[in-house]
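What follows is the residue order along each chain.
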Amino acid sequence: MFAITGITGQVGGAVARALLAQGQQVRAVVRDTARGAAWQARGCELALADVGDAQALAEALRGCEGVFLLLPPCFDPSPDFAESARLIAAMRAALLAARPARVVALSTIGARAGHRNLLSQLGMLEAALQDLPLPVTLLRPGWFIENLAWDVAGARERGEIESLLQPLDRAVPMVATEDVGRTAAALLLEDASTGHRVVELEGPRRLSPNDLAAALARALRREVRAVAVPRDQWEARMHAQGMRNPEPRMRMLDGFNEGWIAFDGPARQGGTGVDEVLRRLVDAA
Ligand SMILES: NC(=O)c1ccc[n+]([C@@H]2O[C@H](COP(=O)([O-])OP(=O)(O)OC[C@H]3O[C@@H](n4cnc5c(N)ncnc54)[C@H](OP(=O)(O)O)[C@@H]3O)[C@@H](O)[C@H]2O)c1
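It should be emphasised that the depicted structure is a prediction, and the values quoted were computed from it without experimental measurement.

A. Region of interest: the packing of helix H1 (residues 10-21) against helix H7 (residues 177-189). The interhelical angle for the contact between H1 and H7, taken along N-to-C directions, is 50°, at an axis separation of 7 Å. Judged by the inter-axis angle, H1 sits oblique to H7. Helix-helix and strand crossings are classified by hand; for H1 and H7 the assignment is right-handed. Judged by residue contacts, Gln10, Val11, Gly13, Ala14, Val15, Arg17, Ala18 and Leu19 of H1 engage Thr177, Glu178, Val180, Gly181, Arg182, Ala184 and Ala185 from H7. The residue inventory of the contact of H1 with H7, partitioned by class, reads 8 nonpolar, 4 polar and 3 charged.

B. Local environment of the environment of Glu190. Locating Glu190 in the fold gives a position in the loop between H7 and strand E10 (197-202). A count of 14 C-beta atoms within 10 Å places Glu190 in the partly exposed class. Between the alpha carbons of Glu190 and Arg231 there is a distance of 44 Å; along the sequence they are 41 residues apart.

C. Just the sheet that holds strand E5 (residues 102-106), in detail. With parallel pairing, the 8 strands of this open sheet are ordered in space as E3-E2-E1-E4-E5-E6-E10-E12. Because the sheet does not close on itself, it has two edges, and the strands there are strand E3 (45-48) and strand E12 (268-269).

D. The site of the ligand, seen in detail. Around the ligand, the surrounding shell holds 26 residues, and the nearest of these are Thr8, Gly9, Gln10, Pro72 and Phe144. Classifying every residue of the shell around the ligand by side-chain character gives 12 nonpolar, 10 polar and 4 charged.

E. Representation of H1. Over its 12 residues, H1 runs 17 Å from end to end, which matches the ideal 16 Å to within 8%, given 1.5 Å per residue. Listed as buried for H1 are Val11, Gly12, Ala14, Val15, Ala16, Ala18 and Leu19. Here the buried face of H1 lies against strand E1 (2-4), strand E2 (26-30), helix H2 (33-41), strand E4 (66-69), E5 and H7.

F. Geometry of unusual backbone geometry. Note that the residue after Gln166, namely Pro167, is joined by a cis bond; omega there is 0°. Relative to the assigned elements, Pro167 resides in the loop between strand E8 (160-163) and strand E9 (174-175). One non-glycine residue, Phe81, lies in the positive phi region at around 55°. With respect to the secondary-structure elements, Phe81 resides in the loop between E4 and helix H4 (82-98). Even without a glycine there, the phi angle at Arg99 is positive, about 50°.

G. Representation of the environment of Leu278 within the structure. Along the chain, Leu278 falls in helix H11 (residues 274-284). Along the chain, Leu278 and Leu212 lie 66 residues apart, while their C-alpha atoms are 9.3 Å from each other. Sequence-distant contacts of Leu278, that is, excluding residues within four places in its chain, are made with Leu148, Ala215, Leu216 and Ala219.

H. Spotlight on the packing of helix H8 (residues 209-220) against H11. Interhelical geometry of H8 versus H11 gives an angle of 55° and a closest axis separation of 9 Å. The orientation of H8 relative to H11 falls into the category oblique. Read as a crossing pair, H8 and H11 show a hand that is right-handed. Residues Ala215, Leu216, Arg218, Ala219 and Leu220 of H8 lie in contact with H11, whose contacting residues are Val274, Asp275, Leu278, Arg279 and Val282. By residue class, the composition of the contact of H8 with H11 is 7 nonpolar, no polar and 3 charged.

I. How the structure looks around the pairing of E5. Most of E5 sits inside the fold, with 5 of its 5 residues counted as buried. Residues Arg102, Val104 and Leu106 of E5 are buried on one face, and the alternating residues Val103 and Ala105, pointing to the opposite face, are buried as well. Direction of pairing for E4 relative to E5: parallel, over a ladder of 4 bridges. Bridge pairing in E5 links Val67 to Val103.

J. View of H7. Taking 1.5 Å of rise per residue, 13 residues should cover 18 Å, and H7 covers 18 Å from first to last C-alpha, within 8% of that figure. Across the 13 residues of H7, 11 count as buried, placing the element largely inside the fold. Within H7 the residues assigned to the buried category are Thr177, Glu178, Asp179, Val180, Gly181, Arg182, Thr183, Ala184, Ala185, Leu187 and Leu188.

Rules of the game
- In every chain, residue numbers begin from 1 and rise along the written sequence.
- This being a predicted model, a pLDDT of at least 70 is required before a residue's local features are given, and a value of 80 or more before pairs of side-chain atoms are given or counted; all residues contribute to the totals for chains, interfaces and linings.
- Angles shown run from 0 to 180 degrees and are taken between the N-to-C directions of axes, each axis being a line fitted to C-alpha atoms and, for helices, limited to the stretch in contact.
- Only DSSP runs of H or I covering at least 4 residues are called helices, and only runs of E covering at least 2 are called strands; the numbering of each starts at the N terminus.
- For classification purposes, an angle smaller than 35 degrees is called roughly parallel, one larger than 145 roughly antiparallel, one from 65 to 115 roughly perpendicular, and anything else oblique.
- Crossing handedness follows the turn of the near helix against the far one: under a right angle anticlockwise gives a left-handed crossing, and clockwise gives a right-handed one.
- Our contact criterion uses C-beta atoms placed from the backbone: two residues qualify when those atoms are within 7 Å.
- The classification used treats Ala, Val, Leu, Ile, Met, Phe, Trp, Tyr, Cys and Pro as nonpolar, Asp, Glu, Lys and Arg as charged, and all other residues, Gly among them, as polar.
- Three classes are used. A residue is buried when 20 or more other C-beta atoms lie within 10 Å of its own, exposed when 12 or fewer do, and partly exposed in between, with C-beta atoms placed from the backbone.
- When DSSP locates at least two bridges between a pair of strands, those strands are taken to pair.
- Each residue gets a C-beta atom placed from its backbone. Should that atom fall within 6 Å of a molecule or strand, the residue is termed near it.
- Given a helix with a known number of residues, its expected span is that number minus one, times 1.5 Å.

This is the structure in structure tokens:
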């Protein structure tokens, strides 16, 4: 039995699909049974737990061969990252109580970057899991190609994507969430005796904002260009979008733009290209 947190989201869903396709038993860990109904219909067991509730989560993870652990995204954290710290403490306590045979935790490229930024929340997760007496794999994917979903409407309506990644021709490691899920499933099925390890993952080729605009142009069959948003406008824009604390997100973007958010070593490669992801995003928009 494999317990999957975040199963109603992008990566968790892909992990579950990959495991079910291989005939594995899956336990969907959900916050709301109604949101788990579709997974139950596909043959999954349901377990109800918020990942911030150590006791409920321990129950949900008990008796499992493997656990896929996802720290829910927090794009606008408090300056001390208190929201993630609370969830991470509960997840660690739940794993210690439930003792699954192995854990694959979703982390990120740049989790241990030298400067504090939005991704440092995943660095906190890594630090909390590193001394667990269980085999733990930290899966560090690059930037999700699906982040482009935010840009489909602007590309369709105005022929433009506004980019905070810059310069516009700088290619960044990116990956499809389907590849992240498939890789996590494969890692869950590997031998449990491997101890702690880090696996980095990117797509078949690195992508710049200009590459993303060109891919959107192909998908939408219209001209699309990328436009760089000057850094001195970021903070006001993010406040206007309702963010309270834009600094960590701005520093994350600096990290990609300045190159201090990067992989530590050679990354594995997924096979899903940007055009395949974009076809799905454009159809769904
Ligand atoms: N975006 C990127 O480029 C990128 C790159 C590398 C790593 N990451 C990491 O990937 C993760 C996000 O993955 P994703 O895109 O698959 O997420 P997602 O689609 O936003 O889904 C989030 C999932 O977390 C669940 N969730 C939220 N709060 C919860 C809670 N308190 N207890 C239990 N479940 C909760 C949600 O369930 P509900 O249905 O109940 O809401 C949902 O299933 C984050 O850790 C992020 O840092 C992102």
